[in-house]
Amino acid sequence: MVALPLLTGAFWAYAGEQGALSALAGAATVFIVLVVGLLGITAVVMGPAATSMAGAGVVYLGQLVVIMAIVAVLTSVDWLDGRSFALSAVAQTIVMQVGQITGYVRARHEIHPGSLDGGATS
């Protein structure tokens, strides 16, 4: 969420109002698609293990379809600055991926402190 206004402000300075609106559209598109995808993956992981890979594939393909549909709709609007949209979408993706990885690493807890080999004995 922090990246949305920062990217919008940066592209406002870079390319004016159209750049800011395009950057907001790009960052918001990525934000919404990745959050919905994260919720989808969470649901897949909570389900049976046998279907987890297929479920992950469905979530991924769904994300691609939604992004392509949004891009197809936005190509017909005259205010869209493609460069601002694309750069802010890439930046938002990187920020969100770093945040997800950081959260994942922080959420991991050692089950058996001091055991590097998973509890196996030599």
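Analysis parameters
- Residues numbered from 1 in each chain as written.
- Predicted model: local features only at pLDDT ≥ 70, side-chain atom pairs only at ≥ 80, totals over all residues.
- Heavy atoms only, no water.
- Helix = DSSP H or I, 4+ residues; strand = E, 2+ residues; numbered from the N terminus.
- Expected span 1.5 Å × (residues − 1).
- Buried < 20%, exposed > 50% of the residue type's maximum accessible area, 1.4 Å probe, protein only.
- Contact = heavy atoms within 4.5 Å.
- Core = buried A, V, L, I, M, F, W, Y, C linked by side-chain atoms within 4.5 Å.
- Axes fitted to C-alpha atoms, helices over the stretch in contact; angles between N-to-C directions.
- Parallel < 35°, antiparallel > 145°, perpendicular 65-115°, else oblique.
- Left-handed = near helix turned anticlockwise from the far one by under 90°.
- Nonpolar A, V, L, I, M, F, W, Y, C, P; charged D, E, K, R; others polar.
- Bend = angle between axes of the 7 residues up to and from the residue.
- Phe/Tyr/Trp six-rings, centres within 6.5 Å; stacked < 30°, edge-to-face > 60°.

The next subject is helix H2 (residues 52-74). With 23 residues, H2 extends 33 Å from end C-alpha to end C-alpha; this agrees with the ideal 33 Å at 1.5 Å per step. Listing the buried residues of H2 in full gives Gly 55, Val 59, Gln 63 and Leu 74. Looking at the buried side of H2, the elements it contacts are helix H1 (3-46) and helix H3 (82-107).

What follows deals with the nonpolar core. Membership of the largest hydrophobic core is limited to 6 residues, which are Ala 3, Leu 4, Leu 7, Phe 11, Ala 23 and Ala 27. Setting aside chain neighbours within four positions, we find Phe 11 in contact with Gly 16, Gly 19, Ala 20, Ala 23, Ser 84, Leu 87 and Ser 88.

Below, the discussion takes up the packing of H1 against H3. As a packed pair, H1 and H3 sit with axes 7 Å apart at the nearest point and diverge in direction by 45°. Viewed along their axes, H1 and H3 adopt a mutual orientation that is oblique. Once H1 is placed against H3, the crossing between them reads as right-handed. By residue class, the composition of the contact of H1 with H3 is 20 nonpolar, 10 polar and 1 charged.

With 44 residues, H1 should reach 64 Å at 1.5 Å per residue; the first-to-last C-alpha distance of 29 Å falls well below that figure. At Ala 15, H1 shows its strongest bend, of approximately 145°.

Within a pair of aromatic rings, the relevant descriptors are the distance that separates the centres and the angle that separates the planes. Applying the stated criterion across every chain, the model contains 1 aromatic pair. Between Phe 11 and Tyr 14 the ring centres are 5.8 Å apart and the planes differ by 85°, which places this aromatic pair in the edge-to-face class. Taken together, the positions of Phe 11 and Tyr 14, both in helix H1 and 3 residues apart, correspond to about one turn of that helix.

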